[in-house]
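Spelled out from the first residue to the last, the chains are:
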Amino acid sequence: MGAGVQAKSQVTTVRLVTEETLENLLTETRHFPPSAEFVAQANVGLELYDEAIADRLGFWDRQAGRLKWDKSWTEVLDWSDAPFAKWFVGGRLNVAVNCVDRHVDEGFGDQVAIYFEGEPGDTREITYAMLKDEVCRAANALAELGVGKGDRVAIYLPMIPEAVISMLACARLGAAHSVVFGGFSAEALRSRIEDAQAKVVITSDGGYRRGSATALKPAVDEAVSKSPCVERVLVVRRTGQEVAWTDRDLWWHEFVDTQSPDHTPEFFDSEQQLFILYTSGTTGQPKGIVHTSGGYLTQAAYTHDVVFDHKPGKDVYWCTADVGWVTGHSYIVYGPLANRATQVMYEGTPDTPHKGRWWEICEKYGVTILYTAPTAIRTFAKWGHEIPGQFDLSKIRLLGSVGEPINPAAWMWYRRVIGGDRCPIVDTWWQTETGAIMISPLPGATTCTPGSAMSALPGIVANIVDDNGNYVHETEGGYLVLSEPWPAMLRGIWGDEERFRETYWSQFPGKYFAGDGAKFDVNGAIWVLGRVDDVMNVSGHRISTAEVESALVSHDAVAEAAVVGATDETTGQAIVAFVILREHAEVSDDTVEDARKHVATEIGAIAKPKRILIVKELPKTRSGKIMRRLLRDVAENRSLGDVTTLADPAVMGLIQTGLASGATDED
Ligand code: WTA
């Protein structure tokens, strides 16, 4: 099958926010240039684009000079083994030294690195000097457990400083971390631990969420009992709740806190693996995205500087992501710390103990740069502008957005209510695979259009192509591709070279296929329209329809399942499942609730379907492929699209009548 044919069959499944976004794209005439004051103090201006166009590799060569290298590189990029890139070939560095020791050595040891705010209101102020001691202690502890260069360590922690410390300790030793979001289930954790063959797991007794202590260790106990590769489990005491204990377990406060705060770092090759981060693909099996050191850190630091206009020692930066996602990796840990940021880290939810918690934190620490997700912005907009209106947000000078397309209404609300109509907004497009921001305004140079991520950053080459890989004209839609390698690009999928080639490089030879649809507007600005594959985006989190389907059919009442992402006002998309029950199963609310819970057990609460609809048939093509497009029409209460390719066109009638009588709506 030719690349074009495959791409075409994928695009038939496109539906997402597309209709609304297309409407916005055609009618959006508002443009916001940066203010003269902002431009005057901005880190970079338009000239950066010219500089990168004139000599792209020379540009990246200079960007790598932001870091401290033990040994310089001999070649900027080696692309001879494409799609496996090597950046800054032969260079040697230590990522943790770059993020911590370097700043202490340069006399900034007393600068606060992290203002930690626990959900119950406890706080910690960690300076760079303190962070260095903590990272060294943790590195000594891990080394004592036998962790060294090339090993993997799984990290399953709440949003507490030990998460950052653990990641940096691994980096310091040349071991790769695999952070698993604390909301994932024991089963999801187990499959990630085993895939990466992690030998140590770092976790905590629990964390605080929504006003109470939520346990984490039981999930680790369950996962580890089935994973013989794990030798030791290091446990941070966060909540003080009861935990089960085995010989494999060690308390952080006993084992790490007693270590020496001195640790002599080794320097590693630029291509040393830094981390594996699992993300959903189009199959039921998550992909372990592999990132390495020199190129990744270069682009993370570069983008954090130019996109957020960050001023070390002056700004108070807050990225609200969880360290369990790539945004937390690149814009809580590596980019900001490489740039000597002072940042806020918050453990809990935005509405605990009240709906103004985030704005109270902004006021308390004088946050100047805020980076969050559209789903959060839409939630705050729903709660009303009066809530942020009670707090002093006048220090904020720049706002960022990531994770999904931001609709112009949310963009305008963010600008007006949070940014007081004075702050530039950077809508940043990127992926777990890209490692760092790729498409975004430069806040001191770009005139922004609400809803658009604008254009590729200096040094990055992004294009939009049609089914045949040809560049599309203005206002035509197509597939977003990256046409040139970039420093922070993934170096593969852990243990699956074929899947790496197939997923990203086979659609349009020589180009990276991002899986997103996109369009240029009349001014040449890029509008990212959403995924064109069977990956959903729920509150900015990627979840594959296949993963949820396979979780559903592993429930003993479910015979068949089809899952779609239906447009949702707050979360972008919501998971809607259509299931056929087994004959013995009872059609009842209890069965539905049980199946929802089962998905949470198999994957995690984030993957729990919002609605499960029991049906007798599923719409399939003659070749047996489920027609999700039609199910999306049902889930979104739209009139049905073309049903002529269905094996049995009457099925949709059956589904709709069935739903009218037996549908169960869930929270
Ligand atoms: C979507 C998150 C539109 C997109 C950093 C991408 C966006 C997927 C944007 C990656 C944006 C992310 N505008 N869509 N600014 N940012 N996306 O790997 O579909 O969790 O492919 O990385 O999120 O999600 P991931």
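Cut-offs used in this document
Residues numbered from 1 in each chain as written. Predicted model: local features only at pLDDT ≥ 70, side-chain atom pairs only at ≥ 80, totals over all residues. Heavy atoms only, no water. Helix = DSSP H or I, 4+ residues; strand = E, 2+ residues; numbered from the N terminus. Rg over C-alpha atoms; globule rule 2.2 N^0.38 Å. Buried < 20%, exposed > 50% of the residue type's maximum accessible area, 1.4 Å probe, protein only. Contact = heavy atoms within 4.5 Å. Near = heavy atom within 4 Å. Polar contact = N/O pair within 3.5 Å; in protein donor to acceptor, adjacent residues only side chain to side chain. Areas by Shrake-Rupley, 256 points an atom, 1.4 Å probe, with all protein chains shown as cover. Nonpolar A, V, L, I, M, F, W, Y, C, P; charged D, E, K, R; others polar. Pairing = 2+ DSSP bridges. Axes fitted to C-alpha atoms, helices over the stretch in contact; angles between N-to-C directions. 1 Å grid on protein atoms, 1.4 Å probe; cavity = no way out; pocket = protein on both sides within 12 Å on 5 of 7 lines; lining within 4 Å. Points joined across faces, edges and corners; volume = space filled by probe spheres on them. Phe/Tyr/Trp six-rings, centres within 6.5 Å; stacked < 30°, edge-to-face > 60°. Lys NZ or Arg CZ within 6 Å of the ring centre and 35° of its normal. pLDDT = per-residue confidence, 0-100.

## Overview of the overall build of the protein
Scanning the protein for helices and strands turns up 22 helices and 29 strands. The C-alpha radius of gyration computed for the protein amounts to 24 Å, which stays within 12% of the reference 26 Å derived for 667 residues, consistent with globular compactness. Based on the C-alpha atoms only, the size of the protein along its principal axes is roughly 75 × 60 × 55 Å. A total of 667 residues make up the protein; the buried ones form 64% of that total. Looking at the protein alone, contacts between residues at least 24 apart form 72% of all its contacts between residues at least 6 apart.

## Description of the site of the ligand
Taken together, 17 residues surround the ligand, and among them Asp427, Thr428, Thr432, Asp516 and Arg542 come closest. Arg542 places a side-chain nitrogen or oxygen 2.7 Å from an oxygen atom of the ligand. Here the ligand loses 96% of its free accessible area of 530 Å² to cover by the protein chains. At the level of secondary structure, the elements contributing two or more residues to the shell around the ligand comprise helix 13 (326–338), strand 20 (425–428) and strand 24 (526–531). Here the shell around the ligand is composed, by residue class, of 6 nonpolar, 6 polar and 5 charged.

## Some remarks on the sheet that holds strand 23 (residues 512–520)
The 4 strands are arranged 21-22-23-24 in an open sheet whose pairing can be described as antiparallel. Where the open sheet ends on each side, the last strands, each with one partner, are strand 21 (462–465) and strand 24. Strand-to-strand twist in this sheet, taken as the mean axis angle between neighbours without regard to direction, amounts to 45°. Pairing analysis gives 4 bridges linking strand 21 to strand 22 (residues 477–482), with the strands arranged antiparallel. Along strand 22, the bridge assignment pairs Ile464 with Leu480.

## Overview of the pairing of strand 4 (residues 112–117)
In terms of residue burial, strand 4 counts as a mostly covered element, since 6 of its 6 residues are buried. Here strand 4 runs beside strand 5 (residues 123–127); their pairing, made up of 5 bridges, is antiparallel. Residue pairing across strands places Ile114 opposite Ile126, the latter belonging to strand 5. Here strand 4 folds back onto strand 5, and the loop between the two strands holds 5 residues, one of which, Gly121, carries a positive phi near 105°. Where strand 4 and strand 17 (residues 342–346) come together, 4 bridges link them in parallel fashion. By the bridge assignment, Glu117 is partnered in strand 17 with Tyr346.

## Some points on empty space enclosed by the protein
All told, the structure shown has 3 cavities of 30 Å³ or more when counted by the stated rule. Forming the boundary of the second largest cavity are 13 residues, of which Val95, Ala171, Phe268, Gln272 and Ser293 lie nearest the centre. Split by residue class, the lining of the second largest cavity holds 7 nonpolar, 5 polar and 1 charged.

## Some details on the environment of Arg632
Tracing the sequence through the fold places Arg632 in helix 21 (residues 628–635). The exposure class of Arg632 is buried, given its relative accessible area of 6%. Separated by 554 residues in sequence, Arg632 and Asp78 place their C-alpha atoms 44 Å apart.

## Quick notes on the sheet that holds strand 19 (residues 398–402)
The 7 strands lie next to each other as 5-4-17-16-18-19-20, forming an open sheet whose pairing is mixed. The open sheet has two edge strands, strand 5 and strand 20, and neither has a second partner. Taking the axes of each pair of neighbouring strands and ignoring which way they run, one obtains an average angle of 15° across the sheet. Taken strand by strand, helix 12 (residues 294–308) contacts strand 16 (316–319), strand 18 (369–372), strand 19 and strand 20, and its axis lies near 145° from that of strand 20.

## Notes on the packing of aromatic side chains
Under the counting rule described, the total for this entry stands at 38 aromatic pairs. Judged by centre distance (5.1 Å) and plane angle (80°), the rings of Trp60 and Tyr302 are edge-to-face. You can see Trp60 sitting in helix 5 (residues 56–64) and its partner Tyr302 sitting in helix 12, a full 242 residues away along the chain. Per residue, the accessibility class of Trp60 equals that of Tyr302, and both read buried. One aromatic cluster in this structure is built from Phe59, Trp60, Trp69, Trp73, Trp87, Phe88 and Tyr302. Looking at Arg237, its charged tip hangs above the ring of Trp251, at a distance of 5.8 Å from the centre.

## Comments concerning the environment of Arg582
Here Arg582 is to be found in the loop between strand 28 (572–581) and helix 20 (589–602). Separated by 314 residues in the primary sequence, Arg582 and Phe268 have C-alpha atoms spaced 55 Å apart.

## Here we look at the confidence of the model for the protein
Of all residues in the protein, 95% attain a pLDDT of 70 or more, and the chain-wide mean is 92. When the criterion is pLDDT under 50, residues 1–17 qualifies, and its contacts beyond four places in sequence or with other chains add up to 34 contacts. Here residues 661–667 is a poorly scored stretch, pLDDT under 50, and it has 14 contacts once near neighbours within four places are set aside; other chains count.

## Thoughts on unusual backbone geometry
Of the consecutive residues Ala82 and Pro83, the connecting peptide bond is found in the cis state with omega at 5°. Position of Pro83 relative to the elements: it lies in the loop between strand 1 (75–78) and strand 2 (86–89). Residue Pro353 is reached from Thr352 by a cis peptide bond, and omega for that bond is -5°. You can see Pro353 is positioned in the loop between strand 17 and helix 14 (357–365). The phi torsion at Ser539 lies on the positive side, around 50°, for a residue other than glycine.

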